[in-house]
Amino acid sequence: MFKTFKKLLSAVAAALGLALALAAVQPAAAQAAAGQISLSPATGPAGSSITVTGSGFKASTTGTVIIGSTTFPLKTTTAGTFSAPATIPAAATGKVTVTAKTSSVQASAVFTVAVPTTTTTPAPAPTVSTARLQFGAATNGGPLASAELDEVTVLAGEAPSSVLFYKDFLQPAPITEMNAVRSRGAVPLVTWEPWAWGGGVSQPAYSLDRITAGDFDAYIAQWGQALAAWGYPVRLRFAHEMNGDWYPWAESVNGNQPGDYAQAWRHVHDVVEAQGASNVSWVWSPNVPYWGSTDLAGLYPGAGYVDIVALDGYNWGTSASWSGWVSPQDLFAPGIAQLRELAPGTPILIAETASSEAGGDKAAWNTQLISYLAAQPDVMGFVWFHIQKEADWRINSSAASATAFKDALQARRTS
């Protein structure tokens, strides 16, 4: 009977051990399977800029997006989600696996590299208007997303004269993208951001004093050499919206001090210029001033360092809890007045703008914007942010918006 009892105890222990082992394994397996990602777009040419969106990952952690031998940073929210920019390699073909990975979760999706067809009749070259007030655009896919820029051309009734896109301090000079912009008869407007995408506002590695101290000189010089070798006109918008507090190059965050921004700007300018990049026009681009924003005077690097002064401004309408409908003139006139005082005689560009549909008449706003800007003799142009992001900023967020936008551009061409 004792032997029988021992056998019974052994069987119970074995079963209990198996149950505990399964209990230990199953949560990890469930966690590993929880992560999932999607790509936008999921197909396109080699070299495409994409957005990787993920869910089911560990909350508030960092990781990487892996595409071949190239990695891009990601950071999850408190809900375990993330959205990270990435680039498909220029030499990629066929199916490309994109993997998002944190310490405990990994998920993959496939990007399909589109094969150019040789049977389609090439579309006629887009026509860029010669009107004094230039029209530019930014789209989700950037310069390599030809279909998006073709759509903008149709909506506007003219091709954009400039294409705005973004690069951080981990990426090389975007020669492929600039060639794509130039092939459309437009000028690249490159926003060069001194940080690592996805790293948040606190990034001590990219503090302004480190830039001024020369910690990034080798990298900055590479950009200067590449831009000089390219040789065609390019507008370089370095460290934009510096008068806010949402980027690590603002003086109110990341350990930066008053005066650091202008010093860093001048240093970057000098390093690029030393490489012979005389084809670069430097665009100094604050956000429209608002209550609590950093005063522009202390951020301006000086006339010898700036070729174009700019403003970013959006009509959020009632799309956010803190916002209200604002007319184009009320949005831009105070900032334009400050730019004229800081940099008299310098061309002014509206480097980012768009309107929400919420809280007012977007069609009327589009008409008022173009009419107001066309009446300002020193405003050289504006760039429309044709992206559905915090709000639906797109030209064609409604049929009425699209019609008004096209008609207003036509009116300024014939006036």
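That block above? That's the structure.
The structure presented is a predicted model; accordingly, all values stated were derived computationally and were not measured.

## Things to note about the overall build of the chain
Thinking step 1. When helices and strands are tallied, the chain shows nine helices and 16 strands.
Thinking step 2. Counting every position in the chain, which comprises 415 residues, the buried fraction comes to 48%.
Thinking step 3. Looking at the chain alone, contacts between residues at least 24 apart form 71% of all its contacts between residues at least 6 apart.
Thinking step 4. Accessible surface computed for the chain: about 18,700 Å², of which carbon and sulfur atoms make up 58%.

## A closer look at the sheet that holds strand β3 (residues 49–55)
Thinking step 1. Within the open sheet, the three strands sit side by side as β1-β3-β6. Their pairing is antiparallel. The strands lining the two open edges of the sheet, one partner per strand, are β1 (36–40) and β6 (82–87). Sheet twist, expressed as the average angle between the axes of neighbouring strands with direction ignored, equals 25°.
Thinking step 2. Of the pairings in the sheet, the one linking β3 to β6 comprises six bridges and is antiparallel in character. Among the inter-strand pairings, Ser49 is bridged to a residue of β6, identified as Thr87.

## Focus on the packing of helix α5 (residues 217–230) against helix α6 (residues 260–273)
Thinking step 1. At a closest axis distance of 8 Å, the pairing of α5 and α6 adopts a crossing angle of 50°. The angle between α5 and α6 falls in the class oblique. Between α5 and α6 the crossing geometry is right-handed. Taken together, the residues of α6 that come into contact with α5 (itself represented by Asp217, Ile220, Ala221 and Gly224) are His267, Val268, Val271 and Val272.

## Considerations on the packing of aromatic side chains
Thinking step 1. According to the stated counting rule, one finds 29 aromatic pairs in the structure shown.
Thinking step 2. Relative to Phe405, the ring of Phe135 has its centre 5.7 Å away and its plane inclined at 70°; by these criteria the two rings are edge-to-face. One end of the pair, Phe135, is in strand β9 (residues 134–139); the other, Phe405, is in helix α9 (residues 399–414), with 270 residues separating them in the sequence. Take Phe135 and Phe405: they sit in the same class, and that class is buried.

## A look at α6
Thinking step 1. Compared with an ideal rise of 1.5 Å per residue, which puts 14 residues at 20 Å, α6 spans 20 Å between its outermost C-alpha atoms and is within 8% of the ideal.
Thinking step 2. Inspection of α6 places Asp260, Tyr261, Ala262, Ala264, Trp265, His267, Val268, His269, Val271 and Val272 among the buried residues, and these make up the whole buried set.
Thinking step 3. Packed against the buried residues of α6 are β11 (187–193), α4 (208–213), α5, β12 (234–238) and β13 (280–284).

## Focus on the environment of Tyr247
Thinking step 1. For Tyr247, the location among the structural elements is in the loop between β12 and α6.
Thinking step 2. Its relative accessible area of 15% is what places Tyr247 among the buried residues.
Thinking step 3. Along the chain, Tyr247 and Glu193 lie 54 residues apart, while their C-alpha atoms are 9.0 Å from each other.
Thinking step 4. Not counting residues up to four positions away in its chain, the partners in contact with Tyr247 are Glu193, Trp195, Val201, His240, Glu241 and Val253.

## Remarks on unusual backbone geometry
Thinking step 1. With an omega of -5°, the peptide bond between Ser40 and Pro41 qualifies as cis.
Thinking step 2. With phi around 60°, Asn254 is a residue other than glycine that occupies positive phi space.

Rules behind the numbers
- Residues numbered from 1 in each chain as written.
- Predicted model: local features only at pLDDT ≥ 70, side-chain atom pairs only at ≥ 80, totals over all residues.
- Heavy atoms only, no water.
- Helix = DSSP H or I, 4+ residues; strand = E, 2+ residues; numbered from the N terminus.
- Buried < 20%, exposed > 50% of the residue type's maximum accessible area, 1.4 Å probe, protein only.
- Contact = heavy atoms within 4.5 Å.
- Areas by Shrake-Rupley, 256 points an atom, 1.4 Å probe, with all protein chains shown as cover.
- Pairing = 2+ DSSP bridges.
- Axes fitted to C-alpha atoms, helices over the stretch in contact; angles between N-to-C directions.
- Parallel < 35°, antiparallel > 145°, perpendicular 65-115°, else oblique.
- Left-handed = near helix turned anticlockwise from the far one by under 90°.
- Phe/Tyr/Trp six-rings, centres within 6.5 Å; stacked < 30°, edge-to-face > 60°.
- Expected span 1.5 Å × (residues − 1).

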